[in-house]
Amino acid sequence: MSSMPPPPPGYSTPPPQPPYGMPPSYPQPGPPMDASKKVAAGVCGILLGAFGVHKFILGMTKPGLIMLLITVLTCGVGGAVTSIIGLIEGIIYLTKSDHEFCQTYVVEKKEWF
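Quick notes on the rules
- Residues numbered from 1 in each chain as written.
- Predicted model: local features only at pLDDT ≥ 70, side-chain atom pairs only at ≥ 80, totals over all residues.
- Heavy atoms only, no water.
- Helix = DSSP H or I, 4+ residues; strand = E, 2+ residues; numbered from the N terminus.
- Expected span 1.5 Å × (residues − 1).
- Buried < 20%, exposed > 50% of the residue type's maximum accessible area, 1.4 Å probe, protein only.
- Arc of directions from axis to C-beta.
- Contact = heavy atoms within 4.5 Å.
- Axes fitted to C-alpha atoms, helices over the stretch in contact; angles between N-to-C directions.
- Nonpolar A, V, L, I, M, F, W, Y, C, P; charged D, E, K, R; others polar.
- Phe/Tyr/Trp six-rings, centres within 6.5 Å; stacked < 30°, edge-to-face > 60°.
- Lys NZ or Arg CZ within 6 Å of the ring centre and 35° of its normal.
- Salt bridge = Lys/Arg side-chain N within 4 Å of Asp/Glu carboxyl O.
- Parallel < 35°, antiparallel > 145°, perpendicular 65-115°, else oblique.
- Left-handed = near helix turned anticlockwise from the far one by under 90°.

**As for helix H4 (residues 79–95)**
Here is step 1: The end-to-end C-alpha distance of H4, which contains 17 residues, comes to 24 Å, matching closely the 24 Å that a straight helix rising 1.5 Å per residue would cover.
Here is step 2: Among the residues of H4, Gly 79, Thr 82, Ile 85, Gly 86, Glu 89, Gly 90 and Tyr 93 are the ones counted as buried. The buried residues of H4 all sit within an arc of 135 degrees when viewed along its axis, so they share a single face. With respect to the buried face of H4, the exposed residues turned more than 90 degrees away are Val 81, Ile 84 and Thr 95.
Here is step 3: In this fold, the buried residues of H4 make contact with helix H1 (37–48), helix H2 (53–57), helix H3 (61–73) and helix H5 (98–107).

See below:
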């Protein structure tokens, strides 16, 4: 039997293709899966911003606790400030594109505004 000569240096073989009709195994372009949190975080920021619920949805425990404690420890007086912060952040979340939202709040983990 004759064997094939080795490929020249610098030559790379293409990756194997999936069988016909099967989707490719590499990730498809599009928004990451965490973009689904955008609407939930935005609506909760607008409605429940004083309690920091939108921060907990995004996995930001420390800022969420800060907002919650300000509201609870001041018997609701500090809730006026944290609710305005939540309102602003909720509007910002909802007006960003999925890609911008994921880049800013999921990848970079920006905590405030």
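**Focus on the packing of H3 against H4**
Here is step 1: Remark: H3 packs on H4, axes separated minimally by 8 Å, with the N-to-C direction vectors making an angle of 150 degrees. Where H3 approaches H4, its residues Met 67, Ile 70 and Thr 71 are matched on the opposing element by Gly 79, Thr 82, Ile 85 and Gly 86.
Here is step 2: Classifying every residue of the contact of H3 with H4 by side-chain character gives 3 nonpolar, 4 polar and no charged.

**What about the packing of aromatic side chains?**
Here is step 1: In the structure shown here, the tally under the stated rule is 3 aromatic pairs.
Here is step 2: Ring centres of Tyr 93 and Tyr 105 lie 4.8 Å apart, and the angle between their planes is 75 degrees; this geometry places the pair in the edge-to-face category. Note that Tyr 93 is positioned in helix H4 and Tyr 105 in helix H5, a separation of 12 residues in sequence. Take Tyr 93 and Tyr 105: they sit in the same class, and that class is buried.
Here is step 3: Positioned over the ring face of Trp 112 is Lys 55, at 4.5 Å from the centre of the ring.

**Here's the deal with the pattern of salt bridges**
Here is step 1: By the definition in use, this model includes 2 salt bridges.
Here is step 2: For Asp 98, the salt bridge identified is with Lys 38, shortest N-O distance 3.2 Å. Remark: Lys 38 occurs in helix H1 and Asp 98 occurs in helix H5; sequence separation between them is 60 residues.
Here is step 3: When its relative accessible area of 11% is taken as the criterion, Lys 38 is described as buried.
Here is step 4: In this structure, Lys 55 and Glu 89 form a salt bridge, with 3.0 Å as the shortest nitrogen-oxygen distance. Here Glu 89 lies in helix H4 and Lys 55 lies in helix H2, a separation of 34 residues in the sequence.

**Let's talk about the packing of H1 against H4**
Here is step 1: Following both chains from N to C, one finds H1 and H4 inclined at 155 degrees, their axes separated by 7 Å at the closest point. Classed by the angle they form, the pair H1 and H4 counts as roughly antiparallel. In the crossing of H1 with H4, the sense of the turn from one axis to the other is left-handed. For the pair H1 and H4, contact is made by Lys 38, Val 39, Ala 41, Gly 42, Val 43, Gly 45 and Ile 46 and by Gly 86, Leu 87, Gly 90, Ile 91, Tyr 93 and Leu 94, respectively.

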